[in-house]
Amino acid sequence: MTIYTDGACKGNPGPGGWGAWIRWGGHEKELCGGEAHTTNNRMELTAVIEALGALRRRCRVTVHTDSEYVRKGMTEWMPAWKKRGWRTADGKPVKNVELWQRLDALRDKHEVHWRWVKGHAGDAGNERADALANRGAAMAQGR
């Protein structure tokens with residue numbers, strides 16, 4: 001299973017959207033949504049949460065994201081955050097902790113591999129996820 005995710009925000013904070021494109025075998029699914037007042041990082045996290053949450057059974061999944069925040073959070077920072085009670089190295093609460101905790105729980109239900117892709121560089125999957133995220137942001141703005 002392959003998932004491409006992206007988040008978008010019109011102002012940061014401001015209206016934002018998230019998008020995910022899921023492919024498996026010869027099938028595919030598009031997901032998107034938005035919030036009236038949010039941040040880009042929240043939308044990046046929400047895209048992955050919504051995509052993994054849409055899976056009906058345990059899967060081996062490769063998540064492609066252009067967000068270093070999401071990729072590094074999941075592959076580097078999270079073990080230390082959890083060890084410190086969801087606090088950063090300088091003792092501050094982790095931002096967006098409720099989203100990180102939801103993503104952590106969803107990740108445990110699947111075999112997830114993380115791939116960073118450069119945004120806006122012609123990767124077809126990333127471009128599709130970006131278009132979905134922008135559609136979600138437009139929905140949040142009432143368009």
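Residues numbered from 1 in each chain as written. Predicted model: local features only at pLDDT ≥ 70, side-chain atom pairs only at ≥ 80, totals over all residues. Heavy atoms only, no water.

Peer 1: Before we move on, could you go through the overall build of the protein chain and cite the residues and values that matter?
Peer 2: Tallying secondary structure elements over the protein chain gives four helices and five strands in all. Listing every helix and strand of the protein chain by position from the N terminus yields β-β-β-α-β-α-α-β-α. What you see for the protein chain is a C-alpha radius of gyration of 15 Å, in line with the 15 Å of a compact globule of 143 residues. Here the C-alpha coordinates of the protein chain stretch approximately 40 × 35 × 30 Å along the principal axes. Here the protein chain holds 143 residues, and 46% of them are scored as buried. Considering only contacts in the protein chain between residues 6 or more positions apart, those separated by 24 or more positions represent 66%. For the protein chain, the exposed surface amounts to about 7,500 Å²; the carbon and sulfur share of it is 48%. Put simply, the protein chain has 24 plus and 17 minus side-chain charges, and the middle of one group is 4 Å from the middle of the other. (Helix = DSSP H or I, 4+ residues; strand = E, 2+ residues; numbered from the N terminus. Rg over C-alpha atoms; globule rule 2.2 N^0.38 Å. Buried < 20%, exposed > 50% of the residue type's maximum accessible area, 1.4 Å probe, protein only. Contact = heavy atoms within 4.5 Å. Areas by Shrake-Rupley, 256 points an atom, 1.4 Å probe, with all protein chains shown as cover. Lys, Arg positive; Asp, Glu negative; His and termini not counted. Charge placed at Lys NZ, Arg CZ, Asp CG, Glu CD.)

Peer 1: So what about the sheet that holds strand S4 (residues 60-65)? Which residues, and what values?
Peer 2: If you walk across this open sheet you meet the five strands as S3-S2-S1-S4-S5, and the pairing is mixed. The sheet is open, and its two edges are formed by strand S3 (27-38) and strand S5 (111-116), each paired on a single side. On average, each strand axis in the sheet is tilted by 20° relative to the strand beside it, whichever way the strands run. Bridge analysis of S4 against S5 gives six bridges, and the strand direction is parallel. Residue pairing for S5: Val-61 is matched across the bridge by Val-112. Contacts from helix H2 (residues 68-83) reach S4 and S5 within the one sheet, and its direction differs from that of S5 by about 140°. (Pairing = 2+ DSSP bridges. Axes fitted to C-alpha atoms, helices over the stretch in contact; angles between N-to-C directions.)

Peer 1: Break down the pattern of salt bridges for me, citing the residues and quoting the values.
Peer 2: The full count for this structure, using the stated rule, is nine salt bridges. Here Glu-30 ties to Arg-135 by a salt bridge, and the two come within 4.0 Å at their closest N and O atoms. Of this pair, Glu-30 sits in strand S3 while Arg-135 sits in helix H4 (residues 124-140), and the two are 105 residues apart along the sequence. Residue Glu-30 is classed as partly exposed on the basis of its relative accessible area of 36%. Residue Arg-135 is classed as partly exposed on the basis of its relative accessible area of 45%. The salt bridge partner of Lys-92 is Asp-90, with a shortest N-O separation of 4.0 Å. With a relative accessible area of 52%, Lys-92 lands in the exposed category. Among the residues examined, Asp-90 registers a relative accessible area of 57% and is labelled exposed. Among the charged side chains, a salt-bridge network with shared partners connects Glu-28, Glu-30, Arg-128 and Arg-135. (Salt bridge = Lys/Arg side-chain N within 4 Å of Asp/Glu carboxyl O.)

Peer 1: Explain the layout of surface pockets to me, using residue names and the numbers behind them.
Peer 2: Reported here for the largest pocket is a volume of approximately 270 Å³. As for the largest pocket, its lining consists of Met-1, Ile-22, Trp-24, Lys-29, Ala-54, Leu-55, Arg-56, Arg-57, Arg-58 and Cys-59. Among the residues forming the lining of the largest pocket, the class breakdown is six nonpolar, no polar and four charged. Put simply, the second largest pocket is a space of about 180 Å³. Together, 13 residues line the second largest pocket, and Asn-41, Tyr-69, Val-94, Lys-95 and Asn-96 are the ones closest to its centre. No other element matches the three residues that H2 contributes to the lining of the second largest pocket. Of the residues contributing to the lining of the second largest pocket, the split by class is six nonpolar, six polar and one charged. (1 Å grid on protein atoms, 1.4 Å probe; cavity = no way out; pocket = protein on both sides within 12 Å on 5 of 7 lines; lining within 4 Å. Points joined across faces, edges and corners; volume = space filled by probe spheres on them. Nonpolar A, V, L, I, M, F, W, Y, C, P; charged D, E, K, R; others polar.)

Peer 1: Residue-level account of H2, with values.
Peer 2: At 3.6 residues per turn, the α-helix brings residues three or four places apart onto the same side. Here H2 spans 21 Å end to end across 16 residues, near enough to the 22 Å set by a 1.5 Å rise per residue. Largest kink in H2: about 65°, centred on Trp-77, with the proline Pro-79 one to four residues after it. All of the buried residues along H2 are Tyr-69, Val-70, Arg-71, Gly-73, Met-74, Met-78 and Trp-81. Structurally, H2 contributes buried residues whose contacts are with helix H1 (40-53), S4, helix H3 (97-107) and S5. Gly-85 lies just past H2 and shows a positive phi near 70°. (Expected span 1.5 Å × (residues − 1). Bend = angle between axes of the 7 residues up to and from the residue.)

Keep in mind that these numbers describe shape and distance, not what the molecule does.
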